[in-house]
Amino acid sequence: MATSEVKLLGSWPSPYAMRPRIALNIKSVDYEYIDEKLWEGKSQLLFQSNPVYKKIPVLIHGHLKPICESLIIVQYIDEAWSSGPSILPSDPYERAVARFWAAYLDDKWFPAVKSIGVAKGEEEKKAAIAQVEQGLGLMEEAFGQCSKGKAFFGGDEIGYLDIAFGSFLGWLRVTERFNEMKLIDEANTPGLAHWADSFCSHAAVKDVMPDTDKLAEFGKMVIAKIKAAGAAAQRH
Amino acid sequence: MEGEVVLLDFWPSMFGMRTRIALAEKQIKYEYREEDLRNKSALLLQMNPVHKKIPVLIHNGKPICESLIQVQYIDEVWNDRAPLLPPNPYQRATARFWADFVDKKIYDLGGKLWRTKGEEQEAAKKELIECLKLLEGQLGDNPYFGGKDFGFLDVALVPFYCWFYTYEKFGRFSIEAECPKLIAWAKRCMQKESVAKSLADQEKIYDFVLHLKKALGIE
């Protein structure tokens, strides 16, 4: 398939944009990556491709209309390039479990991670950290059940839930650094600790996982902007 | 293939209705268990410890949570009849995208119509109409969102039809006036036994919300 046949609009710090890139790598699909610098404003292409949400990632495949929402894109990639390695598990129950945890991470867990960075005061921060740690406890258990002793949630190879969860590791590490704490570690979450290393060093992942230092710098800028906006709102 | 199928549900829940419709479409026999959400059963808490919410589908003792995940599971296990997702990957992605849009928008906006007043209610009404119009646009000239056949997105959205009466009464507007094609679609769906038997009565829903408002102390 020619490179221009598949385009992906993303943004390098976004965990959501990482997901389809990992999926395309697993399937060995060549694609054109278009990086949006969202903090400088959104491009016309983005507005046209995702008029409903105006967000990345967006996958444009040939002449088809764009596909939006990272996990929907990942499932599309799995189904459209069905001859490559499978991303969703083959068993319907295991698929339901993978989808459940991916939705949990998006709807509940990652918002809690983000709230640590913008928490007002120690109490709020402690509560957010507790929620994140509780979630990691759940994911450690889920890892035991899904991996069945293998390296990944998907078994021997990276799967849907690995992609959904692993894409958050960059920001998790930045959060650990900013708060001088370990959230995933050998003591509390040994399964996840090994999994995280395996995931980040995987061929399909390592070139699209942002460097933690670069992400931390970016994170500082974002937090400063959010706090400034909050302060400005309060002044009115 | 069948095994034992149990559905933990709550009669007014649009999410539970999705799973009921999917089970009916596939003609699966199951045990329906009504949950009292103010007094959740031990089984519910055991089967959905993370969210403690209905609906919960239990197949051969194993729980599946989240309505759209349940509908996909039912479609994949009972894949020999009444397919809900089409075979084409692009069409599948489109159906999933709009079903996810329904999840992100309709429930919360509809809820604001009966929970809030004044400017907040007006803003919710305006946005709800915009969202319904966007969805209506996806129908095109087809009888169903699934095209010629009733499908995944139809299942995801049609349960809200029995809540429209409540939204209209509180919001003082007519959804049919704003989105006639959408209402025509909903009435078409109601001709199907799987839908008619799964949706709650709209007057009963309205009554339920009136009682709920009193119980929650909302004016």
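Anything mentioned here points back to the structure above.
S.K.: Teacher, can you tell me more about the overall build of chain A here?
M.R.: The number of helices and strands found in chain A is 9 helices and 4 strands. Order of helices (α) and strands (β) in chain A, N terminus to C terminus: β-α-β-α-β-β-α-α-α-α-α-α-α. A compact globule built from 236 residues should have a C-alpha radius of gyration of about 18 Å, and chain A, at 18 Å, falls within 12% of that. Projected onto its principal axes, the C-alpha coordinates of chain A cover approximately 50 × 45 × 30 Å. A total of 236 residues make up chain A; the buried ones form 52% of that total. At a minimum sequence separation of 6, the contacts of chain A that also span at least 24 residues come to 66%. Split by element, the accessible area of chain A, about 11200 Å² in all, is 53% carbon and sulfur. Looking at charge distribution, chain A has the averaged site of its 27 positive side-chain charges lying 7 Å from that of its 31 negative ones.

S.K.: What is the right way to look at the overall build of chain B in this model?
M.R.: Looking only at helices and strands, chain B features 11 helices and 4 strands. The C-alpha radius of gyration computed for chain B amounts to 17 Å, which stays within 12% of the reference 17 Å derived for 219 residues, consistent with globular compactness. Considered along the principal axes of its C-alpha atoms, chain B spans approximately 50 × 45 × 30 Å. Going through the 219 residues of chain B one by one, you find that 53% of them count as buried. Taking the intrachain contacts of chain B between residues at least 6 apart in sequence as the baseline, contacts between residues at least 24 apart amount to 70%. As displayed, chain B offers around 10300 Å² of accessible surface, 50% of which is attributable to carbon and sulfur atoms. Seen as two clouds, the 32 positive and the 32 negative side-chain charges of chain B have centres 1 Å apart.

S.K.: Before we go on, may I ask you to explain a positive patch on the surface in this structure?
M.R.: Residues Lys42, Lys54, Lys55 and Lys114 of chain A make up a contiguous surface patch of positive charge. Among the secondary structure elements, Lys55 of chain A is positioned in the loop between helix H2 (44–49) and strand E3 (58–61).

S.K.: Would you explain the sheet that holds strand E1 (residues 6–10) of chain A in this entry?
M.R.: The strands that make up a sheet pair up through hydrogen bonds in the backbone, lying either parallel or antiparallel. Residue and element names in this part refer to chain A. Spatial ordering of the open sheet is given by E2-E1-E3-E4, a layout of 4 strands whose pairing is mixed. Of all the strands in the sheet, just strand E2 (32–35) and strand E4 (67–68) have a single pairing partner and so form its edges. Pairing geometry for E1 and E3, over 4 bridges, is antiparallel. Residue pairing for E3: Leu9 is matched across the bridge by Val58. Relative to E1, helix H1 (residues 15–26) is tilted by about 155°, and along the sheet it contacts E1, E2 and E3.

Definitions and cut-offs
Residues numbered from 1 in each chain as written. Chains lettered and ligands numbered in written order. Predicted model: local features only at pLDDT ≥ 70, side-chain atom pairs only at ≥ 80, totals over all residues. Heavy atoms only, no water. Helix = DSSP H or I, 4+ residues; strand = E, 2+ residues; numbered from the N terminus. Rg over C-alpha atoms; globule rule 2.2 N^0.38 Å. Buried < 20%, exposed > 50% of the residue type's maximum accessible area, 1.4 Å probe, protein only. Contact = heavy atoms within 4.5 Å. Areas by Shrake-Rupley, 256 points an atom, 1.4 Å probe, with all protein chains shown as cover. Lys, Arg positive; Asp, Glu negative; His and termini not counted. Charge placed at Lys NZ, Arg CZ, Asp CG, Glu CD. Patch = residues over 30% accessible without salt bridge, like charges linked within 9 Å, V, L, I, M, F, W, Y side chains within 5 Å. Salt bridge = Lys/Arg side-chain N within 4 Å of Asp/Glu carboxyl O. Pairing = 2+ DSSP bridges. Axes fitted to C-alpha atoms, helices over the stretch in contact; angles between N-to-C directions.

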